[in-house]
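Chain by chain, the residues run as shown.
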Amino acid sequence: VARAEAKIHGKSLGEVHFHEVGAVDSIIDIVGAAICIDFLKPDRIIASPVEMGGGFVQCAHGTFPVPAPATLEIMKGKPVKLGAVPFETATPTGVAILAALADEFTETPAFTVTKTGYGIGHRDGDIPNVLRVCMGETGDTAAGQTVEAAVVECNIDDMNPEYYGYVMEQLFAAGADDVFLQPVIMKKSRPSVLLSVLCAPEKTEEMKRILFTETTTLGVRCHSVKKQMLERLTETADTPWGKVGVKVARFNGKEVKSKPEYDDCAAIARKNGIPIEQVYRYIRQKTVPEEQQEN
């Protein structure tokens, strides 16, 4: 939202002042959406093209045509609809949530619905003032979901090795699914590092921005890949030292592997002064069937 407002007003990010989007209800919308996604942990989020409405809207800067400039800027490159009703149906806050979370916009999603939820507004119009959210499973969930992904990579032979940790932190903070380094030999037999980033297609530009500004590379390569993932969920295991999250993976509806969350195990080991292997071993004995346990 800040980037859109800054561009519209020709100002820097530090000069942006929020008006309507800084109201309490907008903050609740954003925080509520973040809590919801963190709780549900969906593998993929799909949205329909957004109806923007029409007419004019009153805001802190006067009367503006609908969609408001910031709303339209945020939705740049994404499908929208206009004019179904003569008033605003999508706000900067609402489209910012969608733009940040949606992996795909389509009129024809294909999935099996498992749960639905509705949010109903107070304004009456010619179209239902309703937001509907569905949870569901795609046809390939049983054998592992296949999704489109992107790989952004570059070769680096002239950067201080101390920087790599920081660069990886920046990439993960920006939404990278994975970041990995591989030793390679470049021209003139120079030892080098191949830095690869796996991310959702819509995050490619942000990954390139970080690589160009935070590393010494002068160029990056991008290509599309298909990523297949097992069905995953997180369970909680009780231990004598506290609770630990456990990642569980399923194939064709059957559990095939599980793994304790490292950060939880490390925190328990540090707090109680015990080997981390002891924590792992206890959880494995309690959560993994005996026939699946390693000798």
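Everything here concerns the structure above.
Notes on the structure follow. All chains use their own residue numbering, which begins from 1 and follows the written sequence. Since the coordinates come from a predicted model, pLDDT governs what is reported: local features require at least 70, and pairs of side-chain atoms require 80 or more to be given and counted, while whole-chain, interface and lining totals use all residues. To obtain the side-chain values, all non-hydrogen atoms of the structure were used and water was disregarded.

**Here we look at the nonpolar core**
Counting residues in hydrophobic clusters, the biggest one holds 17 residues, and the most contacted among them are L171, L195, V197, M207 and L211. Within the residue set of this core, elements represented by two or more residues are β9 (145-156), α5 (163-173), β11 (191-199) and α6 (204-214). For helices the rule is a DSSP run of H or I covering at least 4 residues; for strands it is a run of E covering at least 2, with both sets numbered from the N terminus onward. Of all the elements, β9 adds the most residues to this core, at 4 residues. Working rule for contacts: check all heavy atoms of both residues, and any pair within 4.5 Å makes them a contact. L195 has contacts with V152, E153, C154, I156, Y164, V167, L171, V179, F180, L181 and L211, leaving out every residue within four places of it along the chain. Definition of nonpolar core: a set of buried residues of the types Ala, Val, Leu, Ile, Met, Phe, Trp, Tyr and Cys, connected through side-chain atoms within 4.5 Å. Only protein chains enter the calculation, and the probe is 1.4 Å; a residue is then buried if its accessible area is under 20% of its type maximum, exposed if over 50%, and partly exposed in between. The next biggest cluster of nonpolar side chains, apart from the first, holds 12 residues, and it includes A47, M75, A96 and A102.

**Some remarks on the packing of α5 against α6**
In this description, a line fitted to the C-alpha atoms serves as the axis of each element, helices being fitted only across the stretch in contact, and the angle between N-to-C directions of two axes falls anywhere from 0 to 180 degrees. As a packed pair, α5 and α6 sit with axes 10 Å apart at the nearest point and diverge in direction by 160°. When the interaxial angle is binned, α5 and α6 end up roughly antiparallel. In terms of crossing hand, the pair formed by α5 and α6 is right-handed. On α6, the residues touching Y166, V167, Q170 and L171 of α5 are M207, I210, L211 and E214. In the contact of α5 with α6, the residues fall into 6 nonpolar, 1 polar and 1 charged. For this classification, under 35 degrees means roughly parallel, over 145 means roughly antiparallel, 65 to 115 means roughly perpendicular, and everything else is oblique. We call a crossing left-handed when the near helix sits turned anticlockwise from the far one by less than a right angle, and right-handed when that turn is clockwise. Residues are sorted three ways: Asp, Glu, Lys and Arg are charged, Ala, Val, Leu, Ile, Met, Phe, Trp, Tyr, Cys and Pro are nonpolar, and all the rest, Gly among them, are polar.

**Observations concerning α5**
Since one α-helical turn is 3.6 residues long, residues separated by three or four positions face the same way. Along α5, the positions that sit buried rather than exposed are Y164, V167 and L171. What you see down the axis of α5 is that its buried residues fit within an arc of 65°, all on one side. Structural note: α5 exposes E169 and A173 on the side pointing more than 90 degrees away from its buried face. Following α5 by one or two positions, G175 adopts a phi angle in the positive range, close to 110°. Note: the arc covers the axis-to-C-beta directions of the helix.

**Quick word on helix α4 (residues 92-101)**
What α4 keeps buried is the set P92, T93, V95 and A96. Along the axis of α4, the buried residues cluster in a sector spanning 165°; they form a single face.

**Focus on the pairing of strand β10 (residues 178-185)**
DSSP-based pairing: two strands are paired if at least 2 bridges between them are found. Here β10 pairs with β11 via 8 bridges, running antiparallel. Of the residues in β11, the one forming a bridge with F180 is S196. The hairpin formed by β10 and β11 contains 5 residues between the paired strands, and K188 there has a positive phi angle of roughly 60°.

**Observations concerning the pattern of salt bridges**
By salt bridge we mean one thing: a side-chain nitrogen of Lys or Arg within 4 Å of a carboxyl oxygen of Asp or Glu. Counted under the stated rule, the structure contains 12 salt bridges. Across the salt bridge formed by E73 and K7, the nearest N and O atoms sit 3.3 Å from each other. With a gap of 66 residues between them, E73 in helix α3 (residues 69-74) and K7 in helix α1 (residues 2-9) connect regions that are remote in the sequence. Each of K7, E73 and K76 takes part in a single network of salt bridges with overlapping partners.

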